Amino acid sequence: MAETVIQTIDLTKIYPMGEHHITALNRVTLTFTRGEFAGLVGPSGSGKTTLLNIVGTLDTPTSGQAIVMGTETSALTSLEAARLRRQHIGFIFQTFNLFPVYTVFENVEFPLLLLNLSPAERRQRVMEALDWVGLADRARSRPTQLSGGQSQRVAIARAIVKKPSIVIADEPTANLDAENSYNILDIMLRLNRELSITFLFATHDEKVIRYLRRKITLFDGRVARDELFEQPDVSRPPT
Ligand SMILES: Nc1ncnc2c1ncn2[C@@H]1O[C@H](COP(=O)(O)OP(=O)(O)O)[C@@H](O)[C@H]1O
Ligand SMILES: [Mg+2]
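In this report, the structure presented in the accompanying data block is examined. Just so it is clear, the model here is predicted, and its values are computed rather than measured. (Residues numbered from 1 in each chain as written. Chains lettered and ligands numbered in written order. Predicted model: local features only at pLDDT ≥ 70, side-chain atom pairs only at ≥ 80, totals over all residues. Heavy atoms only, no water.)

## Points about the site of ligand 1
Surrounding ligand 1, one finds Tyr15, Ile22, Ala24, Pro43, Ser44, Gly45, Ser46, Gly47, Lys48, Thr49 and Thr50. One nitrogen or oxygen atom from the main chain of glycine 45 is found 2.7 Å from an oxygen atom belonging to ligand 1. Listing elements by their share of the shell around ligand 1, those giving two or more residues are β2 (20-33) and α1 (48-55). Looking at the shell around ligand 1 element by element, the count peaks at 3 residues for α1. Each residue belonging to the shell around ligand 1 can be placed in one class, and the counts come to 4 nonpolar, 6 polar and 1 charged. (Near = heavy atom within 4 Å. Polar contact = N/O pair within 3.5 Å; in protein donor to acceptor, adjacent residues only side chain to side chain. Helix = DSSP H or I, 4+ residues; strand = E, 2+ residues; numbered from the N terminus. Nonpolar A, V, L, I, M, F, W, Y, C, P; charged D, E, K, R; others polar.)

## Overview of the side chain of arginine 210
Mapping arginine 210 onto the fold places it in helix α7 (residues 206-211). Here tyrosine 182 takes part through its side chain, which lies 2.8 Å from a polar atom of the side chain of arginine 210. Within the local environment of arginine 210, its side chain forms a polar contact with the backbone oxygen of serine 235, the two atoms lying 2.3 Å apart. With near-sequence residues (within four places) excluded, arginine 210 lies in contact with Tyr182, Pro232, Asp233, Ser235, Arg236 and Pro237. (Contact = heavy atoms within 4.5 Å.)

## Overview of the nonpolar core
Val108, Leu130, Ile156, Met188, Phe199 and Phe201 are the most contacted members of the largest nonpolar core, which has 42 residues in total. Broken down by secondary-structure element, the contributors of at least two residues to this core are β3 (37-41), α3 (104-109), α4 (119-132), α5 (148-160), β7 (166-170), α6 (178-195), β8 (198-202) and α7. Those residues in contact with phenylalanine 199 that lie beyond four places of it in its chain are Glu36, Phe37, Ala38, Val167, Met188, Leu191 and Asn192. In this structure, Val5, Phe91, Ile168 and Ala202 belong to the second largest nonpolar core, which totals 25 residues. (Core = buried A, V, L, I, M, F, W, Y, C linked by side-chain atoms within 4.5 Å. Buried < 20%, exposed > 50% of the residue type's maximum accessible area, 1.4 Å probe, protein only.)

## Brief notes about a nonpolar patch on the surface
On the surface, Phe99, Val101, Tyr102, Phe110 and Leu113 cluster together into a nonpolar patch covering about 460 Å² of accessible area. Secondary-structure assignment places tyrosine 102 in the loop between β6 (89-92) and α3. (Patch = residues over 30% accessible without salt bridge, like charges linked within 9 Å, V, L, I, M, F, W, Y side chains within 5 Å. Areas by Shrake-Rupley, 256 points an atom, 1.4 Å probe, with all protein chains shown as cover. Salt bridge = Lys/Arg side-chain N within 4 Å of Asp/Glu carboxyl O.)

## Regarding the packing of α5 against α6
Between α5 and α6, the least distance of the axes is 9 Å, while the angle of their chain directions is 15°. As judged from the angle between their axes, α5 and α6 are roughly parallel. The handedness of the crossing between α5 and α6 is right-handed. The residues of α6 that touch α5, namely those facing Gly149, Gln152, Arg153, Ile156 and Ile160, are Asn180, Ile184, Ile187, Met188 and Leu191. Among the residues making up the contact of α5 with α6, the classes are represented as 6 nonpolar, 3 polar and 1 charged. (Axes fitted to C-alpha atoms, helices over the stretch in contact; angles between N-to-C directions. Parallel < 35°, antiparallel > 145°, perpendicular 65-115°, else oblique. Left-handed = near helix turned anticlockwise from the far one by under 90°.)

Right, here's the structure in full:
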């Protein structure tokens with residue numbers, strides 16, 4: 001049986017709003033296995049980011065459970081949550097979130113600094129990750145010298161440099177044009193297939209949705225549909 005990497009059980013998130021409250025997630029029960037290329041879709045406000053943040057241990061549920069790599073996360077201290085993320089989870093954000101004053105190399109190296117690696121080992125891992133995204137020749141550049149597409153490729157390298165089991169990507173193409181969106185999708189699909197990294201997206205971009213092997217539609221914090229696609233359509237429409 002495929003290895004379970006993420007499991008949520010009746011996951012619920014309620015935000016207090018003065019006299020009222022907002023139910024961002026309403027008893028979401030989902031299982032993700034190693035190697036999935038899955039996306040949360042649904043209208044703005046349907047709970048996609050909230051779900052990603054909770055399974056990424058950046059936020060905690062009001063009730064229910066999120067089990068990540070076998071660890072029930074709601075009882076973790078912030079230090080323990082940080083350790084779980086460091087070991088198992090890479091993040092990619094809509095706005096790239098690179099450190100502008102650091103070089104590309106240093107940005108990608110950052111997640112490795114807390115691991116017990118020699119500088120030579122770190123260098124090798126960073127250059128390998130930059131090779132994956134086709135930016136080994138830009139190691140000395142700074143993020144301000146890169147295009148949006150290149151910046152997101154650096155962010156992908158940073159997300160995978162630790163060889164995580166899971167990469168969480170919240171609207172990763174929202175600030176990219178079509179060509180760069182397809183470029184990063186091709187890179188992520190290759191990382192998924194060749195390194196068995198599980199990708200979990202939140203998106204409402206049709207380009208991303210066409211690549212998904214599993215599409216989970218959220219509506220008002222609930223799972224409205226959960227669909228599998230054997231043969232995702234990764235052909236590029238003419239531009
Ligand atoms: N920190 C917060 N405080 C209050 N309400 C929030 C907070 N974060 C999200 N929400 C609300 O929770 C719901 C789900 O939000 P979100 O997970 O960001 O949706 P999506 O990513 O699908 O657009 C929305 O109604 C949103 O306004
Ligand atoms: Mg969102």
